[in-house]
Amino acid sequence: QVQLVESGGGLVQAGGSLRLSCAASGNIRSLNTMRWHRQAPGKQRELVASITSGGTIEYVDSVKGRFTISRDNAKNTVYLQMNSLQPEDTAVYYCCFRVNYNYEYWGQGTQVTVSS
């Protein structure tokens, strides 16, 4: 079993920054693609950013140039640096790891609220 623990959410004014972290522990032989998703009230969960084990990165268009995803394999951790936050970024953010090639695990979610 693998557990993911997220941290770093909170309340910030528009234009501010937050850094999310998600650390994995447990039976990890291989840590593959790491992703951040978000779900705003009344909306479907959407993929925000992803980073493969080889370092390939993708972002949804709405966060390009503002968010940066990175990973620390030694710590089994993925980060999401969020700058120039806007009210439309308000959502619960979830990390998702593909582990040991065949399994996906989700974090518990962390609330990000951006006030105007």
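See the structure printed just above.
Residues numbered from 1 in each chain as written. Predicted model: local features only at pLDDT ≥ 70, side-chain atom pairs only at ≥ 80, totals over all residues. Heavy atoms only, no water.

Concerning the overall build of the protein chain
Next, step 1: Counting secondary structure elements, the protein chain contains 0 helices and 11 strands.
Next, step 2: Taken from the N to the C terminus, the helices and strands of the protein chain come in the order β-β-β-β-β-β-β-β-β-β-β.
Next, step 3: For the protein chain, the spread of C-alpha atoms along the principal axes amounts to about 45 × 25 × 25 Å.
Next, step 4: Taken over 116 residues, the protein chain has a buried fraction of 42%.
Next, step 5: Long-range pairs, those at least 24 residues apart, make up 54% of the contacts in the protein chain with a sequence separation of at least 6. (Helix = DSSP H or I, 4+ residues; strand = E, 2+ residues; numbered from the N terminus. Buried < 20%, exposed > 50% of the residue type's maximum accessible area, 1.4 Å probe, protein only. Contact = heavy atoms within 4.5 Å.)

Here we look at the sheet that holds strand E1 (residues 2-7)
What holds strands together in a sheet is hydrogen bonding between their backbones, with the strands either parallel or antiparallel.
Next, step 1: As summarised here, the arrangement of the 4 strands in space is E1-E3-E8-E7, forming an open sheet in which the pairing is antiparallel. On the outer flanks of this sheet lie E1 and strand E7 (67-72), each paired with one strand and no other. The mean angle between the axes of side-by-side strands here comes to 15 degrees, regardless of whether they run parallel or antiparallel.
Next, step 2: With 6 bridges joining them, E1 and strand E3 (residues 18-26) adopt antiparallel strand pairing. The residue of E3 that forms the bridge with Val2 is Gly26. (Pairing = 2+ DSSP bridges. Axes fitted to C-alpha atoms, helices over the stretch in contact; angles between N-to-C directions.)

Digging into the environment of Ser7
Next, step 1: Secondary-structure assignment places Ser7 in strand E1.
Next, step 2: The spacing of Ser7 and Gln108 is 101 residues in sequence and 9.7 Å in space, taken between C-alpha atoms.
Next, step 3: Residues within four places of Ser7 in sequence aside, it is in contact with Arg19, Leu20 and Ser21.

A closer look at the state of the cysteines
Next, step 1: Summed over the entire model, instances satisfying the criterion amount to 1 disulfide.
Next, step 2: Here Cys22 is linked by a disulfide to Cys95, with a sulfur-sulfur distance of 1.9 Å. What sets the handedness of the Cys22 and Cys95 disulfide is the S-S torsion sign, and at about 45 degrees it is right-handed. Of the two residues, Cys22 is situated in strand E3 and Cys95 in strand E9 (residues 91-99); the sequence distance between them amounts to 73 residues. Here the two residues Cys22 and Cys95 agree in accessibility, since each one is buried. (Disulfide = S-S within 2.5 Å.)

As for the pairing of E7
Next, step 1: Alternating positions in E7 separate cleanly, Phe67, Ile69 and Arg71 being buried on one face and Thr68, Ser70 and Asp72 remaining unburied on the opposite face.
Next, step 2: With antiparallel pairing between neighbouring strands as the criterion, E7 and strand E8 (residues 77-82) make up a hairpin whose turn holds 4 residues, including Asn76 at a positive phi of roughly 50 degrees.

Notes on the nonpolar core
Next, step 1: Core analysis: the biggest nonpolar cluster contains 29 residues, and Trp36, Leu80, Met82, Tyr93 and Phe97 have the highest contact counts within it.
Next, step 2: Counting residues per element, this core draws most heavily on E9, at 5 residues.
Next, step 3: With sequence-adjacent residues up to four places away left out, Met82 is seen in contact with Gly16, Ser17, Leu18, Leu20, Arg66, Phe67, Tyr93 and Val112. (Core = buried A, V, L, I, M, F, W, Y, C linked by side-chain atoms within 4.5 Å.)

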